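Architecture and fold: a report
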Amino acid sequence: VDLAAAGYAVAFARRYLTWRASEPIATAQSLEPFAGAHMQSAAGLVLPAVGEERVQWAEVVQSREPSRGVHVYTVAAQTDSQGVRYLTVPVARTAGGSLALFGYPAFVGPPASTAAPPAPPLRPVDSPALEVVVRRALANYLSDSPAELAADLAEGARVSPPSAPMRLLSAEHPQWAPGGGAVLTVLQAEDGLGARYALAYEVDVTRAQGRWEISAIEADPDA
């Protein structure tokens, strides 16, 4: 992944979709470093008589490589006047390694998506002791209670709790993840503002000296 090229595409999209009709020269000047002398002024953007548009956030959501050295990035940009817009931006590297706009952009639709499919059936956990340990560990993990959580962690295990503590309200019966060695649990949690969330956690478990221990919770902080 060429992070610099993706960032270049986002930077162009931000400038291309941020304009004020009363300041056409400023808009043209902001796009001049991208367009250069071989494209229309302001990369072909002609402003309306009145109005303005600003980008609130923008990020790459798709990419393809139509030819060697050329990447076309689809940038999703939230604008204050027209909602989310999707813009493809072709980017190439010159012989010297510099990034360059490789043609005009294009407005497109969002990547194809559909509703979440049903989860595949999994083998339920049939150990009450394991279920108790998983629930207790998740409660301490969400509430950022490191001392209590440490009691259920395997030797050498490292976890990174959420930055904003939450309260565990309920948890469904855990199921074994494909391949074993980890269990999946869907739970309900509440944050400090009172908002409630349905969350799914994968918890790696191991058995040591006759007791269940937690070796990881959802994310590896060292990865």
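Look above for the structure.
Residues numbered from 1 in each chain as written. Predicted model: local features only at pLDDT ≥ 70, side-chain atom pairs only at ≥ 80, totals over all residues. Heavy atoms only, no water.

**A closer look at the nonpolar core**
- In this structure, Phe12, Tyr16, Val75, Val89, Val91 and Leu101 are the most contacted members of the largest nonpolar core, which totals 24 residues.
- Elements that contribute at least two residues to this core include exactly α1 (3–16), α2 (24–35), β3 (55–67), β4 (70–79) and β5 (83–93).
- Top element by residues in this core is α1. It accounts for 8 residues.
- In this structure, Val75 is in contact with Ala9, Val10, Ala13, Ala58, Glu59, Val60, Arg85, Tyr86, Leu87 and Val89, ignoring residues within four places of it in sequence.
- Membership of the second largest hydrophobic core comes to 23 residues, among which are Leu142, Leu187, Val203 and Val205. (Core = buried A, V, L, I, M, F, W, Y, C linked by side-chain atoms within 4.5 Å. Buried < 20%, exposed > 50% of the residue type's maximum accessible area, 1.4 Å probe, protein only. Helix = DSSP H or I, 4+ residues; strand = E, 2+ residues; numbered from the N terminus. Contact = heavy atoms within 4.5 Å.)

**Re the packing of α1 against α2**
- For the pair α1 and α2, interaxial distance at closest approach is 9 Å and the crossing angle is 150°. By the angle class used here, α1 and α2 are roughly antiparallel. The handedness of the crossing between α1 and α2 is left-handed. Mapping the contact onto sequence places Tyr8, Ala11, Phe12, Arg15 and Tyr16 in α1 and Ser30, Leu31, Pro33 and Phe34 in α2.
- Taken together, the residues of the contact of α1 with α2 sort by class into 7 nonpolar, 1 polar and 1 charged. (Axes fitted to C-alpha atoms, helices over the stretch in contact; angles between N-to-C directions. Parallel < 35°, antiparallel > 145°, perpendicular 65-115°, else oblique. Left-handed = near helix turned anticlockwise from the far one by under 90°. Nonpolar A, V, L, I, M, F, W, Y, C, P; charged D, E, K, R; others polar.)

**Considering the pattern of salt bridges**
- Per the stated rule, a full pass over the model turns up 11 salt bridges.
- A salt bridge links Asp152 to Arg136; the nearest nitrogen and oxygen atoms lie 2.8 Å apart. Of this pair, Asp152 sits in the loop between α4 (146–150) and β8 (166–171) while Arg136 sits in helix α3 (residues 128–142), placing them 16 residues apart in sequence.
- The partner of Asp152 in a salt bridge is Arg211, and the shortest N-O contact between them spans 3.7 Å. Of this pair, Asp152 sits in the loop between α4 and β8 while Arg211 sits in strand β12 (residues 211–217), placing them 59 residues apart in sequence.
- You can call Asp152 buried: its relative accessible area is 2%.
- Each of Arg20, Glu23, Glu52, Arg54 and Asp80 takes part in one network of salt bridges that share partners. (Salt bridge = Lys/Arg side-chain N within 4 Å of Asp/Glu carboxyl O.)

**As for unusual backbone geometry**
- In the Ramachandran plot, Ala43 falls in the positive-phi region, its phi being about 55° despite a non-glycine side chain.
- Position of Ala43 relative to the elements: it lies in the loop between α2 and β2 (52–53).
- Phi at Gln209 is positive, roughly 50°, even though this residue is not glycine.

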